[in-house]
Amino acid sequence: MMLYAISGTDVRDSLAGRKQARTEHLARVTALRDAGRLILAGPHPAIDSTEPGKLGYTGSLIVAEFPSLDEATAWANADPYVAAGVWAEVSVRPFIQVMP
């Protein structure tokens, strides 16, 4: 197993789509956590605030363990945010955690 950084970049004005697909998206991320494979996950707010309100988000970052790059990529591409058109682009790259 290796760590992979999954970075989803939102389309413009993605907040409505995020709200619609969020429950399914979080269920998949929660399954990674429950399996002990999730290092971190969360959105990038559109402004310098933990509460961006109507301005929403510009993307998300997930760092998790997968058996291979192909499996991490397949997992990312099957995300509800992709299906809902929230993520315009998804990048999956191997990641080596140095700290903590």
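No experiment lies behind these values; they were computed from the predicted model shown.

K.L.:
Explain the nonpolar core to me, please; I cannot follow it from the model alone.
P.N.:
The tendency in soluble globular proteins is for nonpolar side chains to be buried side by side. If you look at the biggest cluster of nonpolar residues, it comprises 15 residues, and the most contacted ones within it are I6, I62, F66, W75 and V92. Put simply, the parts of the chain that give this core at least two residues each are strand 1 (2-10), helix 1 (15-34), strand 3 (57-66), helix 2 (69-77) and strand 4 (87-95). Excluding residues within four positions of it along the chain, I6 makes contact with S60, L61, I62, F66, A72, W75, A76, V90, S91 and V92.

K.L.:
What is the right way to read the sheet that holds strand 3 from this model?
P.N.:
The pairing of strands in a sheet comes from backbone hydrogen bonds and takes either a parallel or an antiparallel form. An order of 2-3-1-4 is seen for the four strands of this open sheet, with the pairing classed as antiparallel. Looking at which strands have only one partner, the edges of the open sheet turn out to be strand 2 (38-45) and strand 4. In this sheet, adjacent strand axes meet at a mean angle of 15 degrees when their direction is disregarded. Two strands pair when backbone bridges link them, and strand 1 and strand 4 are joined in this way by eight bridges, in the antiparallel orientation. Directly across from L3, in strand 4, lies its bridge partner F95. Packed onto the sheet, helix 1 meets strand 1, strand 2, strand 3 and strand 4 and runs at close to 15 degrees relative to strand 3. Helix 2 contacts strand 1, strand 3 and strand 4 of the sheet and is inclined by roughly 155 degrees relative to strand 4.

K.L.:
Even after reading the chapter, I still don't get the environment of D79, so can you show me in this structure?
P.N.:
Inspection of the secondary structure puts D79 in the loop between helix 2 and helix 3 (80-83). Along the sequence, D79 and V90 sit eleven residues apart, while their C-alpha atoms lie 9.9 Å from each other. Leaving out residues up to four positions away in the same chain, D79 has contacts with H25, R28 and W87.

K.L.:
Would you mind showing me how to read a nonpolar patch on the surface here?
P.N.:
On the surface, M2, I96, V98 and M99 cluster together into a nonpolar patch covering about 480 Å² of accessible area. Mapped onto the elements of the fold, M99 is located in the segment after strand 4. When its relative accessible area of 70% is taken as the criterion, M99 is described as exposed.

K.L.:
Would you mind going over the packing of aromatic side chains with me for this structure?
P.N.:
Geometrically, a pair of aromatic rings is defined through the distance of the ring centres and the angle of the planes. Scanning the entire structure with this criterion turns up three aromatic pairs. Judged by centre distance (5.7 Å) and plane angle (50 degrees), the ring pair of F66 and W75 falls under tilted. The pair F66 / W75 is uniform in exposure class, with both members buried. The rings of Y4, F66 and W75 are connected pair by pair, giving a single aromatic cluster. Sitting over the ring of W75, R28 keeps its end group 4.1 Å from the ring centre. R37 extends its terminal NZ or CZ atom over the ring of F66, reaching a point 4.9 Å from the ring centre.

K.L.:
What should I look at first to understand the pattern of salt bridges in this one?
P.N.:
Opposite charge on two side chains allows them to pair when their charged atoms are near. Under the definition given, this model contains three salt bridges. Residues R18 and D10 are paired through a salt bridge, measuring 2.7 Å at the closest nitrogen-oxygen approach. Of the two residues, R18 and D10, both sit in the buried class. As a salt-bridge pair, R28 and D79 come within 3.1 Å of each other at their nearest N and O atoms.

About the cut-offs
- Residues numbered from 1 in each chain as written.
- Predicted model: local features only at pLDDT ≥ 70, side-chain atom pairs only at ≥ 80, totals over all residues.
- Heavy atoms only, no water.
- Core = buried A, V, L, I, M, F, W, Y, C linked by side-chain atoms within 4.5 Å.
- Buried < 20%, exposed > 50% of the residue type's maximum accessible area, 1.4 Å probe, protein only.
- Helix = DSSP H or I, 4+ residues; strand = E, 2+ residues; numbered from the N terminus.
- Contact = heavy atoms within 4.5 Å.
- Pairing = 2+ DSSP bridges.
- Axes fitted to C-alpha atoms, helices over the stretch in contact; angles between N-to-C directions.
- Patch = residues over 30% accessible without salt bridge, like charges linked within 9 Å, V, L, I, M, F, W, Y side chains within 5 Å.
- Areas by Shrake-Rupley, 256 points an atom, 1.4 Å probe, with all protein chains shown as cover.
- Salt bridge = Lys/Arg side-chain N within 4 Å of Asp/Glu carboxyl O.
- Phe/Tyr/Trp six-rings, centres within 6.5 Å; stacked < 30°, edge-to-face > 60°.
- Lys NZ or Arg CZ within 6 Å of the ring centre and 35° of its normal.

Interpretation note: all reported values are geometric properties and have no functional meaning in isolation.
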